[in-house]
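Spelled out from the first residue to the last, the chains are:
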Amino acid sequence: MGFVLPGSLTERHLTCTHAGCHCHDDPPQLHGPYWYWTRKVNAKTVSRVLSPDQVEEYRPWMDNQRRLRVLVRELEQLGVQIVEDDPRRPRRR
């Protein structure tokens, strides 16, 4: 499967603080794209800007994380089903 990376990628286009910049025109021509990797660390949301090269390399790792979660859920469901169907389970009186 390869490396696993939690979180998500977000592509953003932003305006700046310079009043005469093209990002303030009508219609605006925003700056970007800027890529953000966002995840939870100690119950807090943490974001980090990534380069396009990093996005290309790390996106499959995030896809692996999603696939891994699906596989774990399937294995858990199979385990629960095996325990529920086990004929050795004591019967209630």
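Structure: above.
Residues numbered from 1 in each chain as written. Predicted model: local features only at pLDDT ≥ 70, side-chain atom pairs only at ≥ 80, totals over all residues. Heavy atoms only, no water.

Chemist: Mind showing me how you'd approach the packing of aromatic side chains here?
Modeler: In this description, an aromatic ring pair is defined by two values, namely the gap between the centres and the angle between the planes. Applying the stated rule across the entire model yields two aromatic pairs. A ring pair is formed by Phe3 and Trp61, whose centres lie 4.8 Å apart and whose planes are at 45 degrees; its orientation type is tilted. Note that Phe3 is positioned in the segment before strand E1 (8-14) and Trp61 in helix H1 (residues 52-85), a separation of 58 residues in sequence. Residue class for Phe3 comes out exposed when judged on its relative accessible area of 59%. Plain terms: the ring middles of Tyr58 and Trp61 are 4.9 Å apart, the flat faces sit at 45 degrees to each other, and that makes the pair tilted. Of this pair, Tyr58 and Trp61 are both found in helix H1, three residues apart, which corresponds to roughly one turn of the helix. Assessed through its relative accessible area of 22%, Tyr58 is described here as partly exposed. Trp61 sits in the partly exposed class, given a relative accessible area of 22%. Among the aromatic side chains, those forming a connected cluster through ring pairs are Phe3, Tyr58 and Trp61. (Phe/Tyr/Trp six-rings, centres within 6.5 Å; stacked < 30°, edge-to-face > 60°. Helix = DSSP H or I, 4+ residues; strand = E, 2+ residues; numbered from the N terminus. Buried < 20%, exposed > 50% of the residue type's maximum accessible area, 1.4 Å probe, protein only.)

Chemist: Help me out: how do you make sense of a nonpolar patch on the surface in this one?
Modeler: Side chains of Met1, Val4, Leu68, Leu71 and Val72 sit close together on the surface and give an oily, nonpolar patch of about 390 Å² of accessible area. Along the chain, the position of Met1 falls in the segment before E1. Judged by relative accessible area, which is 53%, Met1 ranks as exposed. (Patch = residues over 30% accessible without salt bridge, like charges linked within 9 Å, V, L, I, M, F, W, Y side chains within 5 Å. Areas by Shrake-Rupley, 256 points an atom, 1.4 Å probe, with all protein chains shown as cover. Salt bridge = Lys/Arg side-chain N within 4 Å of Asp/Glu carboxyl O.)

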